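Observations on the model geometry
Next come the chains, spelled out residue by residue.
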Amino acid sequence: MAAGGRGVLASDGPVAGGDLAARQAELVAALVAGGPLPAGFAPAPVEAARRALLRKRAGDVARHWPLLAAGLGDAWPATFAGWAAGRPTNGSLRDGWDLARKLRDRGTLPPLGAEELAAREAASRYDGRTAPRPRRLPAVARAGGALAAQLAGRVRLLRPAPR
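This part takes up the overall build of the protein chain. A tally of regular secondary structure across the protein chain gives six helices and five strands. For the protein chain, the sequential pattern of α-helices and β-strands runs α-α-α-α-α-α-β-β-β-β-β. Looking at the protein chain as a whole, 33% of its 163 residues qualify as buried. For the protein chain, the share of sequence-separated contacts (at least 6 apart) that also reach a separation of at least 24 residues comes to 47%. Of the roughly 9400 Å² of accessible surface on the protein chain, a fraction of 58% belongs to carbon and sulfur atoms.

Following this line, the structure appears as structure tokens:
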């Protein structure tokens, strides 16, 4: 509680525990999931915080998907922000995987990203809803012209994506 018994987010009096939790949830939704701006918050600072969180999230995803980010080069931040705005995170690994699949489906996946996606899909099973699981049986995966195979837990890129 702030001085005078006022709630941290309240603008006109104390906030009950449930009300505070609801307002915090609304603010989080506005910041990371494209939710509407809660009453009592200035739009400019919330938008600045939302953009900063998207940049941080893009950096986290780039650490898990370095070839995808490198393949997009200077377009990485804008591409990621355009895709991620309005989507809550599923974690950096899954966010990168979902973005790479979306770019593949659009035909805009860069060759380095295609090779990375093919290698990931050969190594792990990911349905888009639950966490990826390592494959136990041999597997072959294709993405954007790249071809990767997994045998005995080792992944090899058999054919690079055309450049």
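Following the structure, the description resumes.
Turning our attention to unusual backbone geometry. Trans is the common state for peptide bonds, and a negative phi is the common state for residues other than glycine. The phi dihedral of A152 is positive, around 55°, even though this residue is not glycine. Turning to its location among the elements, A152 is positioned in the loop between β4 (146-151) and β5 (154-159). Accessibility expressed as a relative area gives 72% for A152, which makes it exposed.

Moving on, we get to the packing of helix α5 (residues 92-106) against helix α6 (residues 111-123). Packing of α5 against α6 leaves a shortest axis separation of 10 Å and a crossing angle of 120°. Comparing the axis directions of α5 and α6 gives the class oblique. Between α5 and α6 the crossing geometry is left-handed. Within the contact between the two elements, α5 uses L93, W97, A100, R101 and R104 and α6 uses L117, R120 and E121. Split into classes, the residues belonging to the contact of α5 with α6 amount to four nonpolar, no polar and four charged.

About the cut-offs
Residues numbered from 1 in each chain as written. Predicted model: local features only at pLDDT ≥ 70, side-chain atom pairs only at ≥ 80, totals over all residues. Heavy atoms only, no water. Helix = DSSP H or I, 4+ residues; strand = E, 2+ residues; numbered from the N terminus. Buried < 20%, exposed > 50% of the residue type's maximum accessible area, 1.4 Å probe, protein only. Contact = heavy atoms within 4.5 Å. Areas by Shrake-Rupley, 256 points an atom, 1.4 Å probe, with all protein chains shown as cover. Axes fitted to C-alpha atoms, helices over the stretch in contact; angles between N-to-C directions. Parallel < 35°, antiparallel > 145°, perpendicular 65-115°, else oblique. Left-handed = near helix turned anticlockwise from the far one by under 90°. Nonpolar A, V, L, I, M, F, W, Y, C, P; charged D, E, K, R; others polar.

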